[in-house]
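Architecture and fold: a report
Read off the chains here:
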Amino acid sequence: MHKFLIIDDHPLFREAIQLVIQSVYPKAEMHEAASVDAAIEVISGQRRGYDLALLDLSMPGTKGFDGLLMIRSRFPRLPILMISGLDDQGVVREALSYGISGFASKSAKKAELAQAVQKVIGGSVYLPDGYESGATSSGRPENLELIARLSSLTSQQMRVLKMLRQGKFNKEIAHELDVGETTVKAHISGILRKLNVLSRTQAVIETSKINFNQILDEDAGHQH
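Residues numbered from 1 in each chain as written. Predicted model: local features only at pLDDT ≥ 70, side-chain atom pairs only at ≥ 80, totals over all residues. Heavy atoms only, no water.

This part is about the overall build of the protein chain. Each helix and strand in the protein chain was counted, giving 11 helices and five strands. Taking the intrachain contacts of the protein chain between residues at least 6 apart in sequence as the baseline, contacts between residues at least 24 apart amount to 69%. (Helix = DSSP H or I, 4+ residues; strand = E, 2+ residues; numbered from the N terminus. Contact = heavy atoms within 4.5 Å.)

Structure follows, in structure tokens:
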């Protein structure tokens, strides 16, 4: 029996995805999470892992690909099918570089989403119609190494790195995470060691190469 986790903050969309899954796997076990933090909690509490997580890219409390990276860093073996309203080639390409198992558009028909689920469960990578897979052949190998390093960070280190990228000081980070400044310094030391960089500034510069937010920010700019 297949086991699915649907991660989306909209109850109606979670319900729609459940119907899609039931159409191809009538006996599937399905769980839901309305936020990335809730999803991490749910996955952590499972004895047997999920066969597939279906994740919305735009989740509350996360920006860009942060939500995906938080889940990916904690559960590197979990197959993830990303379903997003943002489906231009740049976003798909960036998402694929983080090792997801497929990408489907929220505007896709039910039959197409069902096909995406089946394909990923079957071990293939699903890409939306019209996506030029050749675009990935120019993939940036130096980023893959950095992504591998990022996946070794703990979830708390990921949060600290996210705040470093936002330009926050140790005191602000400590306040937000409700920990002491010495704990924050220890997290930063761990981040620098794992990313193989010498300073927090270098950590921010290196991770900015991955372009977590730029594509989405540009897309949001086009919509205004």
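Having seen the model, we can carry on.
One face of the sheet, then the other: side chains in a regular strand alternate in exactly this way. Neither face of strand β5 (residues 102-105) is open: one carries Gly-102 and Ala-104, the other Phe-103 and Ser-105, and all of them are buried. Taking the sense of rotation as the criterion, the β-α-β connection linking strand β4 (residues 80-84), helix α4 (residues 89-96) and β5 turns out right-handed. (Buried < 20%, exposed > 50% of the residue type's maximum accessible area, 1.4 Å probe, protein only. Right-handed = clockwise from strand over helix to strand, strands pointing away.)

As a working rule, side chains carrying opposite charge can pair if their charged atoms are close by. Following the criterion strictly, the structure yields seven salt bridges and no others. Close ionic contact of Lys-106 with Asp-8 constitutes a salt bridge, the shortest N to O distance being 3.1 Å. One end of the pair, Lys-106, is in the loop between β5 and α5 (110-121); the other, Asp-8, is in the loop between β1 (3-7) and α1 (11-24), and 98 residues separate them in sequence. Across the pair Glu-176 and Lys-168 runs a salt bridge, and its minimum N-O distance is 2.3 Å. By relative accessible area, which is 46% here, Glu-176 ends up partly exposed. One salt-bridge network, held together by shared partners, links Asp-8, Asp-56 and Lys-106. (Salt bridge = Lys/Arg side-chain N within 4 Å of Asp/Glu carboxyl O.)

Glancing now at the environment of Ser-124. Among the structural elements, Ser-124 can be located in the loop between α5 and α6 (141-150). The class of Ser-124 is partly exposed, set by a relative accessible area of 33%. Remark: the alpha-carbon pair of Ser-124 and Ser-101, spanning 23 residues in sequence, is separated by 7.2 Å. The contact partners of Ser-124, leaving out residues within four places of it in the chain, are Ser-101 and Lys-119.

What follows is about the pairing of strand β3 (residues 52-56). Of all five residues in β3, five are buried, a share of seventy percent or more. Relative to β3, β1 runs parallel, the two sharing four bridges. Residue pairing for β3: Leu-5 is matched across the bridge by Ala-53. The pairing of β3 with β4 spans four bridges and is classified as parallel. Following the sheet pairing, Leu-54 is matched in β4 by Leu-81. The β-α-β motif built from β3, the intervening helix α3 (residues 66-74) and the parallel element β4 has right-handed crossover chirality. (Pairing = 2+ DSSP bridges.)

Time to look at the packing of α3 against helix α7 (residues 155-165). Taken N-terminus to C-terminus, the directions of α3 and α7 make an angle of 150°; their axes are 9 Å apart at the nearest point. Viewed along their axes, α3 and α7 adopt a mutual orientation that is roughly antiparallel. Crossing of α3 against α7: the hand is right-handed. Seen from α3, the contacting residues are Asp-66, Leu-69, Met-70, Ser-73 and Arg-74; seen from α7, they are Ser-155, Met-158, Arg-159, Lys-162 and Arg-165. Split into classes, the residues belonging to the contact of α3 with α7 amount to three nonpolar, two polar and five charged. (Axes fitted to C-alpha atoms, helices over the stretch in contact; angles between N-to-C directions. Parallel < 35°, antiparallel > 145°, perpendicular 65-115°, else oblique. Left-handed = near helix turned anticlockwise from the far one by under 90°. Nonpolar A, V, L, I, M, F, W, Y, C, P; charged D, E, K, R; others polar.)

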